[in-house]
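Residues per chain, in single letters:
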Amino acid sequence: MQDVSAISGNSIPADEPKLNYINNGHTLKSWLLTKDHKRIALMYLLSVSAFFLMGGIYAAFIRLELLTPASDLLETATYNKVFTQHGILMVFFFLIPAIPAILGNFLLPLMIGAKDLALPRINLLSLYIYWIGGIITLWALMKGGVDTGWTFYTPYSTTFSNSYVMAVGIGVFINGFSSILTGLNFIVSIHTMRAPGMTWFRLPLFVWAHYATSLVMILGTPVVAITILLVAIERFARIGIFDPAIGGDPILFQHLFWFYSHPAVYIMILPGMGVISEVIAGFSRKRIFGYEFVAFSSIAIAVFGFLVWGHHMFVSGQSVFAGLVFSFLTMVVAVPSAIKTFNWVATMYKGSISYDTPMLYAIGFLGLFLVGGLTGLFLGSIGLTVHLTDTYFIVAHFHYVMVGGQVIAYLAGIHYWWPKMTGRMYSEFWGKVSAMLVFVGFNLTFFPQFILGYMGMPRRYASYPEELQVLNIFSTAGASVLGIGLLMPVVYLIHSLFYGKKAADNPWMHPGLEWRTSSPPPTENFKEMPVVTWEAYDFGEESGLDIEEARRREAVTV
Amino acid sequence: MSDNHAEHEEHIGIPGYIVIFLILVVGTIFTYFSSFWDLDSIFPGANTLLALAIAFTKMMFVILYFMHVRWSSKTIWLAAVASFFWLLIMFAFTMQDYFTRVSGVFSA
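Treat the numbers as computed from the prediction; the structure is a model and nothing was measured.

Caption draft 1: The arrangement of the interface of chain A and chain B in detail. Each partner contributes residues to the interface: chain A has 23 residues there, and chain B has 14 residues. Between chain A and chain B, a total of about 1,600 Å² is buried, with carbon and sulfur atoms accounting for 77% of that surface. Linking chain A with chain B are one salt bridge, by the criterion used here. A salt bridge links B:Arg101 to A:Asp249; the nearest nitrogen and oxygen atoms lie 3.7 Å apart. Elements supplying a minimum of two residues to the side of chain A that touches chain B: α7 (205-237), α8 (250-284) and α10 (320-348) of chain A. Among the elements that line the side of chain A that touches chain B, the one with the most residues is α10(A), at seven residues. Grouping the constituent residues of the side of chain A that touches chain B by class yields 17 nonpolar, five polar and one charged.

Caption draft 2: Quick peek at the environment of A:Ile269. All names here are of chain A. Within the secondary structure layout, Ile269 lies in helix α8. Residues Ile269 and Ile228 lie 41 residues apart in sequence; the distance between their C-alpha atoms is 24 Å. Excluding residues within four positions of it along the chain, Ile269 makes contact with Phe365, Phe369, Val401, Gly405 and Gln406.

Caption draft 3: Spotlight on unusual backbone geometry. Residue and element names in this part refer to chain A. The omega torsion of the bond from Thr154 to Pro155 falls at 5°, within 30 degrees of zero and hence cis. Along the chain, Pro155 falls in the loop between α4 (120-143) and α5 (156-160). Pro520 follows Ser519 through a cis peptide bond whose omega is -10°. Backbone geometry places Arg238, a non-glycine residue, at a positive phi of 55°. Of note, Arg238 is situated in the loop between α7 and α8. Unusually for a residue other than glycine, Arg285 sits at a positive phi of about 50°. Of note, Arg285 is situated in the loop between α8 and α9 (291-304).

Caption draft 4: Expanded view of the pattern of salt bridges. Throughout the structure, instances matching the rule amount to seven salt bridges over all chains. With a shortest N-O distance of 3.0 Å, A:Lys38 and A:Asp36 are connected by a salt bridge. Each member of the pair, A:Lys38 as well as A:Asp36, carries the same accessibility label: buried. In this structure, B:Arg101 engages B:Asp97 in a salt bridge whose closest nitrogen and oxygen atoms are separated by 2.8 Å. When salt bridges with common partners are traced through the structure, they connect A:Asp249, B:Asp97 and B:Arg101 into a single cluster.

Caption draft 5: Inspection of the domain arrangement of chain B at higher detail. All names here are of chain B. In terms of domain boundaries, chain B breaks down into domain 1 (2-71) and domain 2 (72-108). Listed as interface residues are nine residues of domain 1 and, on the opposing side, six residues of domain 2. Carbon and sulfur atoms make up 72% of the surface buried where domain 1 meets domain 2, a total of about 490 Å² over both sides. Ranking the residues of domain 1 by area buried against domain 2 places Ile63, Val69 and Trp71 at the top, with a combined share of 61%. Between domain 1 and domain 2 we count zero salt bridges in total. Classifying every residue of the side of domain 1 that touches domain 2 gives seven nonpolar, one polar and one charged.

Criteria and thresholds
Residues numbered from 1 in each chain as written. Chains lettered and ligands numbered in written order. Predicted model: local features only at pLDDT ≥ 70, side-chain atom pairs only at ≥ 80, totals over all residues. Heavy atoms only, no water. Contact = heavy atoms within 4.5 Å. Buried area = accessible area lost by both parts, 1.4 Å probe. Salt bridge = Lys/Arg side-chain N within 4 Å of Asp/Glu carboxyl O. Helix = DSSP H or I, 4+ residues; strand = E, 2+ residues; numbered from the N terminus. Nonpolar A, V, L, I, M, F, W, Y, C, P; charged D, E, K, R; others polar. Buried < 20%, exposed > 50% of the residue type's maximum accessible area, 1.4 Å probe, protein only. Domains from an automatic or database assignment.

Right, here's the structure in full:
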């Protein structure tokens, strides 16, 4: 493993036919019954992308409706369904699984030097469960949809809604088990499948982030599943759980729902933070600043993330004392996120930075996540939030965290590891154009929404006062730019599969284990069991990464 | 897998599992009949408390014997205890709201 040729990317002639995980079996059966984590990740990529596209189409309808003050494109009842379904598809079927199920599945065994995840059959099962949950949800949406908001708040979901609440609930319920099994698989794999020499503090921070995410998945997801079951019991058996008329309490639903759904925000963002750690360290060619702090801040976020759910309920009838406690804890959970952000910036300081496409996305992440995080403090402040709750300020805040954070990190990760996943290079030019368009389009879409929210525009309404139209036009125009920016990678990444330059094994000259096998990797990941003798993010020669030698070899071969 | 099964059966054996199963059945029947007793006259919520106590006992048998936690490593014990700790967080922070709604520190 110390041989430079092993990482130079040109150790194997480009034209030599190689058996890899993609060409190792061409039948449909070989894909549908595969236990290879890499193939499962690719199937997740296709499925999750389909849901992202569907959620995006709903978003387009929302922005088109809000182009004008009157409710003129959609009926108000239809608008309720459109924003609900946008949220459900995006949160449960895109944001939560995207990075863990695609990048996590593909990379985690490679990064720890394993042949596969510890429980390959369970991994395939989690994909099938995701498909079943998704199909049930889509069926319910086609039959008539759901209009409760993605949060399924009672009493909308129990008493007033006649839409397909329970069908969608069952879809989400089933889908939750996919998360649980993925999290379980990751934890077991990290504990038991690490290669010799791969100690806990040599693990890439991507792995640490996925470990923390898996804890949240396992501990939180069952609660939302039980909550959905309780809604079903109340709807069908009229047993009083959430309805005051029969002895229940609607606020209890919010407690149970947010006990999962606030940590779920960290299920979405923590893997993204893992991606950003890899990309920033790699493209700054520096060991991450404060490795241990960044690693443990992931665990701290996972733990503290469970203690702050009440900040979603400041104006819902929760006691003032509880609000005060949750407000304080919300300020506390900002600390580990801030540690990460400071350490990423410190990593870049005096680094040898190259502005390749993944790095452009990662730098975009830093700015957008910062805005998203800091506006979270506005909303965690128990006084200010009274003015801002249920306005577009909230919408802007969580889109800055979810899209500006998770989606940008996901795109950074896809671009970073695309050569490893497919063995092909994409067009750097179009990659950079796309990253710029996404950044500009995103800000144009969501920054005006902070102002709209501060001016009092409520969320979830199809109409608004005329004086707010200019900012809404900005927002819709930005959404168009964002949409183009997001569609561009679909085109040039697919193009790269057929016409892209063959990727070297280690095109970025980075030290991680995943770059020390061929692109695409063989089914068993490594020809020999890797033995790790270097520290994480060691760009020195000690890690076998003689970049000058590797570049010389590349120049000679190319 | 067969080796694992053989190893587990050494712990309490098939008769042991049957005994545990019977304990769970008795617990279920006891829960049913106890719901007819008017324990709430002792203090409000006593019926619920008894039902939860029985359920908790049954759960402990399942975790310790059916799930083999009793013979598992410290890591597994840590995972099991952590899940209860998380449950405690959920109950404690939720009840923090309910207990301070009317007579809370900051209410009128």
